[in-house]
Amino acid sequence: MEISQTLAGDKKSSLIQIAPVMLCFFAMGFVDLVGTASNYVQKDLGLTDSQANLFPSLVFFWFLIFSVPTGMLMNRIGRKKTVLLSLLVTAVSLILPITGDSYTTMLLSFSLLGIGNAIMQTSLNPLVSNLISPSRLASTLTFGQFVKAIASFLVPVIAAWGATTYLPTFGLGWRALFVIYAVISLVSISALAATPIEEERSDKASGVGECLRLLGRPFILLCFLGIMCHVGIDVGTNTTAPKIIMERLGLPLEEAGFATSVYFIFRTAGCFLGAFILRSVSPKLFFGISVVMMLAAMGMLFTCESLTMIYAALGLIGFGNSNIFSVIFSQALMASPDEKNEVSGLMIMGLFGGTVFPLAMGYAADATGQAGAVAVMTVGVAYLLYYTLKIKSSNNQ
């Protein structure tokens, strides 16, 4: 009952409408397979850190290109149809690796995965605002992130199962992951297409210039940079955690890959708890506590040599980073309520941080080891600490 109240808010939306939308959030989590997949591809093809980190960078590069145009597309065809388009592109991206595992195939797959996810994240979050009251938007988006985190958490588990199982995987090995998630993508398309959702239609057609001019508003710019740092830390931890363990403890990838699961376990738990905490605690206070947790974790990753302490640091990052996106995104939407589609496009364009951070971390790791990659993530945490001071203290999210 408590969960349904959190999801339904004050608007007359039923769980019949909410459930397909939450399944779409699960599909949104498929983008996080890039961290685990890039490690396996690096091992299969013998790539360097900087070469392997091109995969997550490529995925999130498309957020820079497609996010703002998606905001404009929503003004023309509506949010639901835009989400359906994103699910279709995602399904295609997941089917490609089933046909082969060459470098070119994986580049194309990750590109389409990035394009699909850019469209999905731009359109799905504002679609939720058609079903949820403003007072419950942050907590509902956080619950959506919890559902998304479940998909992220399952990625290394399914990949490891595919790589080591004696059950038939038709020669796919760890790539059996793509088959499972492709099927779920197709189910999501069917479920959302059959769900009636009444949308608010835009009375104007914004251009790219109008959307980008919103970055001239200081608070919107701060939110944009905050999203960049959030996703940079997320993708960076996802990709670097196993490498830290392999570098310092000498474990093989199949064992070190569990570090990614530890991160996602705590991120999943943080999203679930955050959906309820944000109903009674101010976003500013909760955000500040979350950032301090991540800052402490970065210090631990610089110095820890034991597996237990590295896991503890990853748990702090996972829990701390779990609600950053929801708070920043809801703050941005509340700051410009008449331009939700445009603001959504800009905020999701900030996921381009998933390109900037892994590239910088890859070069830093090649030069100084994984401590260099941790240093790059620490810069992002420092910015989020500054952003905390700019958050409105009101709890009406």
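These remarks concern the structure in this document.

Let us look at the overall build of the protein. Scanning the protein from N- to C-terminus turns up 19 helices and 0 strands. Residue burial in the protein is summarised as follows: out of 397 residues, 61% are buried. A separation threshold of at least 6 residues defines the contact pool for the protein, and within that pool the share at least 24 residues apart is 83%. Accessible surface, the protein: about 14,300 Å² in total, of which carbon and sulfur atoms supply 69%.

In this section: the pattern of salt bridges. The full count for this structure, using the stated rule, is 1 salt bridge. The partner of Asp234 in a salt bridge is Arg267, and the shortest N-O contact between them spans 2.5 Å. Here Arg267 lies in helix α13 (residues 258–277) and Asp234 lies in helix α11 (residues 218–249), a separation of 33 residues in the sequence. Its relative accessible area of 4% is what places Asp234 among the buried residues. According to the relative accessible area criterion, Arg267 is buried, its value standing at 5%.

A cluster of nonpolar side chains, contributed by Ile95, Ile98, Trp161, Val179, Ile180, Val183 and Val187, occupies part of the molecular surface with about 530 Å² of accessible area. Among the elements of the structure, α6 (79–99) and α9 (176–193) are those that each provide at least two residues to the nonpolar patch. Per-element accounting of the nonpolar patch gives the leading share, 4 residues, to α9. With respect to the helices and strands, the residue Trp161 is situated in helix α8 (residues 137–164). Trp161 gets classed as partly exposed once you look at its relative accessible area, which sits at 36%.

Leu33, Tyr181, Met347 and Leu384 are the most contacted members of the largest nonpolar core, which has 118 residues in total. Top contributing element to this core by residue count: α11, with 14 residues. The residues touching Tyr181, leaving out its near neighbours within four places in the chain, are Phe26, Phe30, Leu33, Leu94, Ala151, Leu154, Val155 and Ile158.

Relative to each other, helix α16 (residues 324–335) and helix α17 (residues 340–349) sit at 145 degrees, their axes nearing to 9 Å. The handedness of the crossing between α16 and α17 comes out as right-handed. In this structure, α16 contributes Phe325, Phe329, Ala332 and Leu333 to the contact, and α17 contributes Lys340, Val343, Ser344, Met347 and Ile348. For the contact of α16 with α17, the class distribution of residues is 7 nonpolar, 1 polar and 1 charged.

Within the secondary structure, Leu333 is located in helix α16. With relative accessibility at 2%, the residue Leu333 sits in the buried group. Between the C-alpha atoms of Leu333 and Ser344, which are 11 residues apart in sequence, the distance is 7.3 Å.

This brings us to the side chain of Thr240. Take Thr240: it is sitting in helix α11. Beyond its immediate stretch of four places on either side in the chain, Thr240 contacts Met361, Gln370 and Ala373.

Another aspect to go through is the packing of aromatic side chains. If you walk through the whole model with that rule in mind, you get 17 aromatic pairs. Considering the side-chain rings of Phe146 and Phe272, the 4.9 Å spacing of their centres and the 55 degrees angle between planes classify their relative orientation as tilted. Placement of the pair is Phe146 in helix α8 and Phe272 in helix α13, with a sequence separation of 126 residues. The class for Phe272 is partly exposed, based on a relative accessible area of 28%. For the ring pair Tyr383 and Tyr386, a centre distance of 6.1 Å and an interplane angle of 55 degrees mean the geometry is tilted. Of this pair, Tyr383 and Tyr386 are both found in helix α19 (residues 370–388), 3 residues apart, which corresponds to roughly one turn of the helix.

Definitions and limits used
Residues numbered from 1 in each chain as written. Predicted model: local features only at pLDDT ≥ 70, side-chain atom pairs only at ≥ 80, totals over all residues. Heavy atoms only, no water. Helix = DSSP H or I, 4+ residues; strand = E, 2+ residues; numbered from the N terminus. Buried < 20%, exposed > 50% of the residue type's maximum accessible area, 1.4 Å probe, protein only. Contact = heavy atoms within 4.5 Å. Areas by Shrake-Rupley, 256 points an atom, 1.4 Å probe, with all protein chains shown as cover. Salt bridge = Lys/Arg side-chain N within 4 Å of Asp/Glu carboxyl O. Patch = residues over 30% accessible without salt bridge, like charges linked within 9 Å, V, L, I, M, F, W, Y side chains within 5 Å. Core = buried A, V, L, I, M, F, W, Y, C linked by side-chain atoms within 4.5 Å. Axes fitted to C-alpha atoms, helices over the stretch in contact; angles between N-to-C directions. Left-handed = near helix turned anticlockwise from the far one by under 90°. Nonpolar A, V, L, I, M, F, W, Y, C, P; charged D, E, K, R; others polar. Phe/Tyr/Trp six-rings, centres within 6.5 Å; stacked < 30°, edge-to-face > 60°.

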